[in-house]
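Structure at a glance
Each chain, written out:
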Amino acid sequence: WCSLPAAWLGFAVLLVAAVTMGALQVVVGLVALLFSPVVRRATLGMVRHIYPTEVGRVHVWFMLFVRRYFLGGRRHARPLRVDLKASAAALPRWAVAADAAEAPRCAVHVVAGLLDNYSYVIVERRSTGPLRCAVVDPGDADAVLEALRDLREQHYDLQDDGTPRPEPVLVVTALLVTHKHWDHQAGVRKVLRVERPRTKAHASLTEEDAAAAAAADAADDAAD
């Protein structure tokens, strides 16, 4: 077959194509190397100055669209709960609390949202009455509200003595945002709109927090 002109022609075409593709890859690599500082600065500028504006909402809408229509609404991780004990504050990082029988002071619930983000619900632990909680980085409002509903119905619906916990079981007393990107704060308004009536109806819990903080400050001042 090597004596056929068509075979040699085909071989020549493949060789030219391979050389051309290799040359293009080299050129693209050199251009990327030369302009990488410019691209990096442009990307950082966009993240710092454009993404926090209303234009940045497009990123959140895109992730919600992909999850709903291409992933069937599935989230990228299952819910996770971490109990925190008061004695752990005095231990080295990653150390395990020595007293296994010690009751947790609070629980941190990790909530998967959007495509690769996480929100956190920090719930106080006490034996009776409604529980106060704080929501951190509510970038996906629907995921946070669904998590709050599950926590009320399945995790904290009973008090330590087995009796039903008084409504609304959980009271959101704080919304915390670690930084101003939309994938961490896009759900703030919706969570506020849904949870604010419950929080206002149980304002006494917030007043308890304020009184405890004032008492702690007074004790610190007296100690100084």
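**Some details on the overall build of the protein chain**
Per the secondary structure count, the protein chain includes 6 helices and 5 strands. If you list the helices and strands of the protein chain from N to C, you get α-α-β-β-β-β-α-β-α-α-α. Each of the 224 residues in the protein chain was classed as buried or not, and the buried ones make up 27%. Considering only residue pairs separated by 6 or more positions, the protein chain has 62% of its internal contacts joining residues 24 or more positions apart. Carbon and sulfur atoms provide 65% of the accessible area of the protein chain, an area that totals close to 15200 Å².

**Section: helix 3 (residues 141-155)**
With 15 residues, helix 3 should reach 21 Å at 1.5 Å per residue; the first-to-last C-alpha distance of 20 Å fits that figure. Every buried residue of helix 3 is listed here: Ala141, Ala143, Val144, Leu145, Ala147, Leu148, Leu151 and Arg152. Buried residues along helix 3 sit in contact with strand 2 (106-113), strand 3 (117-124), strand 4 (131-136), strand 5 (170-176) and helix 5 (188-201). Of the residues that open helix 3, the one with a side-chain oxygen 3.3 Å from the backbone nitrogen of Asp142 is Asp140.

**So, the pattern of salt bridges**
Using the criterion set out here, one finds 10 salt bridges in the structure. The closest approach of N and O atoms between Glu124 and Arg132, which form a salt bridge, is 2.8 Å. Given the relative accessible area of 15%, Arg132 is considered buried. Taking the shortest distance from any N to any O, the salt bridge between Glu195 and Arg198 comes out at 3.2 Å. Note that Glu195 and Arg198 are positioned in helix 5 at a spacing of 3 residues, about one turn of the helix. Judged by its relative accessible area of 3%, Glu195 falls in the buried class. Overall, the relative accessible area of 32% leaves Arg198 in the partly exposed class. Here the salt bridges do not stand alone but share partners, grouping Arg81, Asp83 and Arg125 into one network.

**As for the environment of Arg68**
Structurally, Arg68 can be placed in helix 2 (residues 57-69). Taking the C-alpha atoms as reference, Arg68 lies 9.7 Å from Leu114; in sequence the two are 46 residues apart.

**Observations concerning the packing of helix 3 against helix 5**
At their nearest, the axes of helix 3 and helix 5 sit 9 Å apart, and the two run at 30° to each other. Taken together, the axis directions place helix 3 and helix 5 in an arrangement best described as roughly parallel. Note on element contacts: helix 5 touches helix 3 through Lys190, Val191, Val194, Glu195 and Arg198, opposite Ala141, Asp142, Val144, Leu145, Leu148 and Arg152. Across the contact of helix 3 with helix 5, the residue classes break down as 6 nonpolar, no polar and 5 charged.

**Considering unusual backbone geometry**
With an omega of 5°, the peptide bond running from Glu167 to Pro168 counts as cis. Checked against the element boundaries, Pro168 lands in the loop between helix 3 and strand 5. The backbone of Leu114 shows a phi angle near 50°, a positive value even though the residue is not glycine. Among the residues examined, Leu114 registers a relative accessible area of 2% and is labelled buried.

**Looking at the packing of aromatic side chains**
Within the structure shown, the criterion is met by 2 aromatic pairs. Between the aromatic rings of Phe65 and Phe70, the centroid separation amounts to 5.9 Å while the plane-to-plane angle is 65°, which identifies the pairing as edge-to-face. For Phe65, a relative accessible area of 42% translates into the label partly exposed. These aromatic residues form a ring-pair network of at least three members: Phe65, Tyr69 and Phe70.

About the cut-offs
Residues numbered from 1 in each chain as written. Predicted model: local features only at pLDDT ≥ 70, side-chain atom pairs only at ≥ 80, totals over all residues. Heavy atoms only, no water. Helix = DSSP H or I, 4+ residues; strand = E, 2+ residues; numbered from the N terminus. Buried < 20%, exposed > 50% of the residue type's maximum accessible area, 1.4 Å probe, protein only. Contact = heavy atoms within 4.5 Å. Areas by Shrake-Rupley, 256 points an atom, 1.4 Å probe, with all protein chains shown as cover. Expected span 1.5 Å × (residues − 1). Polar contact = N/O pair within 3.5 Å; in protein donor to acceptor, adjacent residues only side chain to side chain. Salt bridge = Lys/Arg side-chain N within 4 Å of Asp/Glu carboxyl O. Axes fitted to C-alpha atoms, helices over the stretch in contact; angles between N-to-C directions. Parallel < 35°, antiparallel > 145°, perpendicular 65-115°, else oblique. Nonpolar A, V, L, I, M, F, W, Y, C, P; charged D, E, K, R; others polar. Phe/Tyr/Trp six-rings, centres within 6.5 Å; stacked < 30°, edge-to-face > 60°.

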